[in-house]
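# Structure at a glance
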Amino acid sequence: MSELKGHISAKSLTKAFGSALAVDDVDFTIPAGSYCCLLGPSGCGKTTSLRMISGHDTQTSGSIAIDDRDLGTIPPAQRPTAMMFQNYALFPHMTVEDNIAFSLRVKGSDKAVRRQRAGHLLEMVELTDFAQRKPNELSGGQQQRVALARALMMNPSVLALDEPLSALDPFLRLKVRAELKALQRRLGITFLHVTHSQSEALALADQIILMNSGKLEQVGTAEDLYHRPETAFAAQFMGVQNVFRADGVQSGAEMRIFRPDGGQAGGALYRAPIDAFSFTAGETPANAGPATPAKVSAIEYAGDHLSLTVDTQPGDVGLKVQVPLEAAAMNPPVFDQVGTLTIKPESLVELTR
Ligand SMILES: Nc1ncnc2c1ncn2[C@@H]1O[C@H](COP(=O)(O)OP(=O)(O)O)[C@@H](O)[C@H]1O
Ligand SMILES: [Mg+2]
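Residues numbered from 1 in each chain as written. Chains lettered and ligands numbered in written order. Predicted model: local features only at pLDDT ≥ 70, side-chain atom pairs only at ≥ 80, totals over all residues. Heavy atoms only, no water.

### Brief notes about the overall build of the chain
In terms of regular secondary structure, the chain is built from 9 helices and 19 strands. Expressed as lengths along the three principal axes of its C-alpha atoms, the size of the chain is roughly 80 × 45 × 40 Å. Here the chain, with 353 residues, has 48% of them falling under the buried criterion. Long-range pairs, those at least 24 residues apart, make up 65% of the contacts in the chain between residues at least 6 apart in sequence. If you sum the accessible surface of the chain, you get close to 16900 Å²; carbon and sulfur atoms cover 51% of it. Computing the positive centroid from 33 side-chain charges and the negative centroid from 38, the chain places the two 9 Å apart. (Helix = DSSP H or I, 4+ residues; strand = E, 2+ residues; numbered from the N terminus. Buried < 20%, exposed > 50% of the residue type's maximum accessible area, 1.4 Å probe, protein only. Contact = heavy atoms within 4.5 Å. Areas by Shrake-Rupley, 256 points an atom, 1.4 Å probe, with all protein chains shown as cover. Lys, Arg positive; Asp, Glu negative; His and termini not counted. Charge placed at Lys NZ, Arg CZ, Asp CG, Glu CD.)

Structure, rendered in structure tokens:
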């Protein structure tokens, strides 16, 4: 592979809309040639961050550099970036080929050069036979590939993709997801992919930047975010950890669990992976370690296991518990069943926020 391109460095990046801070003093670096996912709930500032990097929005303060070149207020077309918009934004009256070649035409490139490069990109996204069609004669997935090819026309070092999979049906989503990753590896440029889906980020990203209310919550590999979330927000957003307050965890068998928001008195803030818990119907088993009475409030089938929600007293906190199918077959959980929740104390991680 050729030299990797697209090292991004953002310093004190801030964007205010009126008095509201959409992006609030954010610092990050993204390695050249990596697949980076900008992850977080709706409204946390992902699109705004992406648009400042691509030059479609100007930051209120702070700076962005790509491959050590400060971008200042350089307009989008002169940046080493390309943007694939959420709605693809294809020109309806132009053919597929003209859509793809558009940016080079604007630049005044020679027609033969344009045709050759567009032909190469059409091949890459497997749309050669569709070159003369209009966008409305293509499926959603094909339109997306046109948008992708158009974005790559100018040989960017960074491709910015805003929720590129959200308009696709679930089957196509998995297929295109794999294609994006393969394409990124082949090109050796940075893909900066905005998503609100933790599973999408886990599947794709070399690096995840998790945002919350305009700020960085945590930056790390998929493994870091999944196994080692540092905050209650990160643990809950990644969806594989229970977050709660508890007392009595260290002292012995009696444990009390409370809501994480601290609305009630009680205990330190913890996270623990959902497989750190087990639920048994009836009385507390002997020597089970920290335990608390609990009641089954939901049962969901999840392929290779059942996912239980059990409510604990006195804090009325619903915790997630995984029951392997073999265990569930021997001892099927029942809605409203009363029993005991036990936890492996060594799996608890104390959080500061
Ligand atoms: N052009 C705008 N004018 C005013 N507020 C905006 C504008 N664009 C975004 N915002 C606000 O900035 C915040 C972040 O928006 P956005 O970056 O689009 O979030 P995300 O992409 O993570 O859903 C939101 O509160 C949104 O309402
Ligand atoms: Mg957005």
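### A few points about the site of ligand 1
What surrounds ligand 1 is the set F17, A22, P41, S42, G43, C44, G45, K46, T47 and T48. The backbone of C44 places a nitrogen or oxygen atom 3.2 Å from an oxygen atom of ligand 1. Side-chain polar atom of K46 to an oxygen atom of ligand 1: 2.8 Å apart, as the coordinates give it. Bound to the protein, ligand 1 loses 52% of the 560 Å² it would expose on its own. Counting residues per element, the shell around ligand 1 draws most heavily on helix α1 (residues 46-54), at 3 residues. Grouping the constituent residues of the shell around ligand 1 by class yields 4 nonpolar, 5 polar and 1 charged. (Near = heavy atom within 4 Å. Polar contact = N/O pair within 3.5 Å; in protein donor to acceptor, adjacent residues only side chain to side chain. Nonpolar A, V, L, I, M, F, W, Y, C, P; charged D, E, K, R; others polar.)

### Here's the deal with helix α4 (residues 140-152)
With 13 residues, α4 ought to run about 18 Å at 1.5 Å a step, and its terminal C-alpha atoms sit 19 Å apart, in line with that. Burial analysis of α4 places 11 of its 13 residues in the buried class, the great majority of the element. Buried residues of α4: G141, Q142, Q144, R145, V146, A147, L148, A149, R150, A151 and L152, and no others. Summarising the contacts, the buried residues of α4 are in contact with β6 (81-84), α2 (96-106), α3 (111-124), β7 (158-162) and α5 (170-187). (Expected span 1.5 Å × (residues − 1).)

### Re the sheet that holds strand β18 (residues 338-343)
Ordered in space as β14-β18-β15-β16-β17, the 5 strands form an open sheet in which the pairing is antiparallel. Looking along the sheet, the strands with just one partner apiece sit at the ends: β14 (277-281) and β17 (317-324). Taking each pair of neighbouring strands and ignoring which way they run, the sheet shows an average axis angle of 45°. (Pairing = 2+ DSSP bridges. Axes fitted to C-alpha atoms, helices over the stretch in contact; angles between N-to-C directions.)

### Details of the sheet that holds strand β8 (residues 190-195)
If you walk across this open sheet you meet the 6 strands as β6-β7-β8-β3-β9-β10, and the pairing is mixed. Only two strands of the sheet have a single neighbouring strand rather than two, namely β6 and β10 (215-220). Taken over all neighbouring pairs, the strand axes of this sheet differ in orientation by 20° on average, direction set aside. On the sheet, α4 packs against β6 and β7 and is oriented at approximately 165° with respect to β6. Together, β3 (35-39), β7 and β8 form the strand contacts of α5, whose direction differs from that of β8 by roughly 155°.

### Section: the pattern of salt bridges
A complete count under the given rule lists 12 salt bridges for this structure. With its nearest N and O atoms 3.2 Å apart, the salt bridge here joins R51 to D57. Since its relative accessible area comes to 26%, R51 is described here as partly exposed. Judged by its relative accessible area of 18%, D57 is buried. In this structure, R115 and E97 form a salt bridge, with 3.8 Å as the shortest nitrogen-oxygen distance. (Salt bridge = Lys/Arg side-chain N within 4 Å of Asp/Glu carboxyl O.)

### Looking at α1
With 7 of 9 residues buried, α1 is to be regarded as a mostly interior element. Positive backbone phi, at 90°, marks G55, one or two positions downstream of α1.

### Quick word on the domain arrangement of the chain
Looking at the assigned domains, one finds that the chain contains domain 1 (8-227) and domain 2 (242-350). One C-alpha centre belongs to domain 1, the other to domain 2, and the line joining them spans 41 Å. (Domains from an automatic or database assignment.)

### Digging into the packing of α2 against α4
For the pair α2 and α4, the least separation of the axes is 7 Å and the interaxial angle reads 30°. Classified by the interaxial angle, the pair formed by α2 and α4 is roughly parallel. Here α2 runs over α4; the crossing is right-handed. Listed contacts from α4 to V96, N99, I100 and S103 of α2 are V146, A149 and R150. Split into classes, the residues belonging to the contact of α2 with α4 amount to 4 nonpolar, 2 polar and 1 charged. (Parallel < 35°, antiparallel > 145°, perpendicular 65-115°, else oblique. Left-handed = near helix turned anticlockwise from the far one by under 90°.)

### Focus on the packing of α4 against α5
One can describe the packing of α4 onto α5 by two numbers: an axis separation of 12 Å at closest approach and a directional angle of 15°. What the angle tells us is that α4 and α5 run roughly parallel. Of the two elements, α4 crosses α5, and the hand of that crossing is right-handed. Of the residues in α5, those touching α4 at G141, Q144, R145, L148 and L152 are L172, V176, E179, L180, L183 and L187. Among the residues making up the contact of α4 with α5, the classes are represented as 7 nonpolar, 2 polar and 2 charged.

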